[in-house]
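For reference, the chains in residue letters:
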Amino acid sequence: KMAEAGGAEGPRLAELLATGWRLWEEVEAGTEPSSSAPAVQDKARRGLVALQQAAAMVAQLELFSENEELEEIASADLRYLLLPALLGALTLRQAGPGQRLEHLEGARRHLARFLRLCRAYGLGAFAVPNDGPARDDDDGPAPPAGLATMAAARQAKIERYKQKKELENRLASMKTFVESGQADDDQMREFYLLQIQKWISISLEEIESIDQEMVILKSRGTIKQSPAPPHGTSRQARTPLKPFILTRDAAQAKVFGAGYPGVPTMTVDDWYEQRRRQGAVPGQSVPQRTPAAVNDEEQKQQQEKKEEEDDEEALQKARDWDDWKDTHPKGYGNRQNMG
């Protein structure tokens, strides 16, 4: 394998990895205000192309195998273990309308593959996540963690953060020495092993963030796809009622109508009939009156008719009162509400 990797494919493979790694660092340290800026997306795209070509070459050369030990890997070839991690990191930086979930899933597969490969070579003690998120037919979300579990997880994050900072400081002091070609085989091996440890920490953090974001995105998609409420459940718009005077019977309507010529009068029966035609009171008929109420009303009408026929004086007074109301508006004579 060393002979194959160091042959004609060797320089090209190393260049592809170096190009993808450099573009990742430029994207990570970029000064663009948004990750969706064209310059950022162009670097991410070019970096992914280079890394994908390098990964295809590594697979063709069969540089790594689950049946071998870490000591069997050449020091110069250890850097190619980072290819899945770099692919996952650049995939996360991709942007596109409606493609965020697809990018998250792709990045998670790359990062999980990297962690599984590292675990196979004994590079750290950590739980290897699945290649993909939980399926819809799984048993559902895990039960809420207890306080002890949450405290342990928090402490693990703190430890990973401290280790990551220590690794970054050591790598910064060794980077120029290794890239200039002055480092010997042992120093080169230490440098790439430290890089792998750093990316293990990054991958674990990224997968945790990816899983949280995917839950949010899928819940939003479920809300958007929820069926609309059945048609007709909202309250239908009703025609506004015009002001009118509601009277008990036709006799009252005649009297009140004379006093308020600008406002129409309407009996209870007429009002119900009008509302029924407008559909405001579906299925309801005009309220039925009891026989007692009908008799009382008939007696009252007969009494009024008799009074009008027999008592000319009362009739004249009623006419005079109607005439007076025609020429005097409502409220006339009220001396500033003083009675």
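All of the points below concern the structure found in this document. Computed from a predicted model, the values in this text were never measured in an experiment. (Residues numbered from 1 in each chain as written. Predicted model: local features only at pLDDT ≥ 70, side-chain atom pairs only at ≥ 80, totals over all residues. Heavy atoms only, no water.)

Looking now at the overall build of the protein. The number of helices and strands found in the protein is eleven helices and two strands. Ordering the α and β elements of the protein from the N terminus gives α-α-α-α-α-α-α-β-α-β-α-α-α. When burial is assessed residue by residue, the protein has 26% of its 339 residues classed as buried. A separation of at least 24 residues holds for 64% of the contacts in the protein among residues at least 6 apart in sequence. (Helix = DSSP H or I, 4+ residues; strand = E, 2+ residues; numbered from the N terminus. Buried < 20%, exposed > 50% of the residue type's maximum accessible area, 1.4 Å probe, protein only. Contact = heavy atoms within 4.5 Å.)

When you line up the elements, Ser-203 lands in helix H7 (residues 185-225). Not counting the four nearest positions on each side in its chain, Ser-203 is found in contact with Ala-85, Leu-111, Phe-114 and Leu-115.

Let us look at the nonpolar core. In this structure, Phe-114, Trp-199 and Ile-200 are the most contacted members of the largest nonpolar core, which totals 57 residues. When contributions to this core are tallied by element, the ones reaching two or more residues are helix H2 (9-28), helix H3 (38-61), helix H4 (83-92), helix H5 (100-120), helix H6 (147-179) and H7. Top contributing element to this core by residue count: H7, with eleven residues. Other than its neighbours up to four places away in sequence, Ile-200 contacts Phe-114, Leu-115, Cys-118, Leu-123 and Phe-126. (Core = buried A, V, L, I, M, F, W, Y, C linked by side-chain atoms within 4.5 Å.)

Next up on the list: the packing of aromatic side chains. Taken as a whole and assessed by the stated rule, the structure comprises three aromatic pairs. Ring centres of Phe-64 and Tyr-121 lie 6.5 Å apart, and the angle between their planes is 75 degrees; this geometry places the pair in the edge-to-face category. Of this pair, Phe-64 sits in the loop between H3 and H4 while Tyr-121 sits in the loop between H5 and H6, and the two are 57 residues apart along the sequence. Across the pair, exposure class does not vary: Phe-64 and Tyr-121 are buried alike. (Phe/Tyr/Trp six-rings, centres within 6.5 Å; stacked < 30°, edge-to-face > 60°.)

To continue, consider H5. Under the 1.5 Å per step criterion, the end-to-end length of H5 is 30 Å for 21 residues, consistent within 8% with the ideal 30 Å. Turning to H5, its buried residues are His-103, Leu-104, Gly-106, Ala-107, Arg-108, Leu-111, Ala-112, Phe-114, Leu-115 and Cys-118. Backbone geometry just downstream of H5 places Gly-122 in the positive-phi region, at approximately 75 degrees. (Expected span 1.5 Å × (residues − 1).)

The subject of this paragraph is the packing of H4 against H5. One can describe the packing of H4 onto H5 by two numbers: an axis separation of 7 Å at closest approach and a directional angle of 165 degrees. With respect to each other, H4 and H5 are oriented roughly antiparallel. Where H4 crosses over H5, the two elements pack in a sense that is left-handed. Between H4, through Pro-84, Ala-85, Leu-87, Gly-88, Ala-89, Thr-91 and Leu-92, and H5, the contact on the second element is made entirely by Arg-100, His-103, Leu-104, Gly-106, Ala-107, His-110, Leu-111 and Phe-114. A class-by-class count of the residues in the contact of H4 with H5 yields nine nonpolar, five polar and one charged. (Axes fitted to C-alpha atoms, helices over the stretch in contact; angles between N-to-C directions. Parallel < 35°, antiparallel > 145°, perpendicular 65-115°, else oblique. Left-handed = near helix turned anticlockwise from the far one by under 90°. Nonpolar A, V, L, I, M, F, W, Y, C, P; charged D, E, K, R; others polar.)

On to H6, then. Along its 33 residues, H6 runs 46 Å from first to last C-alpha, staying within 8% of the 48 Å computed at 1.5 Å per residue. Along H6, the helix axis deviates most sharply at Ser-173, where the bend reaches about 35 degrees. Backbone geometry just after H6 places Gly-181 at a positive phi near 85 degrees. (Bend = angle between axes of the 7 residues up to and from the residue.)

Right, let's talk about the side chain of Gln-195 for a bit. Relative to the helices and strands, Gln-195 resides in helix H7. According to the relative accessible area criterion, Gln-195 is buried, its value standing at 7%.

A few words now on the pattern of salt bridges. Side chains that differ in charge, positive against negative, can pair when their charged atoms come close. Taken as a whole and assessed by the stated rule, the structure comprises eleven salt bridges. Among the salt bridges present, the one from Arg-93 reaches Glu-28, with a minimum N-O distance of 3.0 Å. Of this pair, Arg-93 sits in the loop between H4 and H5 while Glu-28 sits in helix H2; the two residues are 65 residues apart in sequence, bridging distant segments of the chain. Salt-bridge contacts for Lys-165 lead to Glu-168; the nearest nitrogen and oxygen are separated by 3.8 Å. Here Glu-168 and Lys-165 lie together in helix H6, a separation of three residues that amounts to about one turn. Lys-165 gets classed as partly exposed once you look at its relative accessible area, which sits at 37%. If you follow the salt bridges from partner to partner, you end up with Arg-22, Glu-26 and Lys-43 in one network. (Salt bridge = Lys/Arg side-chain N within 4 Å of Asp/Glu carboxyl O.)

Glancing now at unusual backbone geometry. Although it is not a glycine, Glu-62 sits at a positive phi angle of roughly 55 degrees. Mapped onto the fold, Glu-62 is located in the loop between H3 and H4. Given a relative accessible area of 56%, Glu-62 falls into the exposed group.

A few words now on the environment of Arg-170. Mapping Arg-170 onto the fold places it in helix H6. For the pair Arg-170 and Gln-195, spaced 25 residues apart in the sequence, the C-alpha separation amounts to 9.9 Å.

A word on the environment of Leu-92. Its place among the elements puts Leu-92 in helix H4. With eleven residues separating them along the chain, Leu-92 and His-103 place their C-alpha atoms 6.1 Å apart. When neighbours within four sequence positions are excluded, Leu-92 is seen to be in contact with Arg-100, Leu-104, Ala-107, Glu-206 and Ile-210.

The next point concerns the packing of H3 against H4. The angle between the axes and the distance between the axes are what describe a pair of packed helices. Between H3 and H4, the least distance of the axes is 10 Å, while the angle of their chain directions is 155 degrees. Put simply, H3 runs roughly antiparallel to H4. For the crossing formed where H3 meets H4, the hand is left-handed. Taken together, the residues of H4 that come into contact with H3 (itself represented by Ala-44, Gly-47, Leu-48, Leu-51, Gln-52, Ala-54, Ala-55 and Val-58) are Leu-83, Leu-86, Leu-87, Leu-90 and Thr-91. Tallied by class, residues from the contact of H3 with H4 come to ten nonpolar, three polar and no charged.

By themselves, these figures tell us nothing about what the structure is for.
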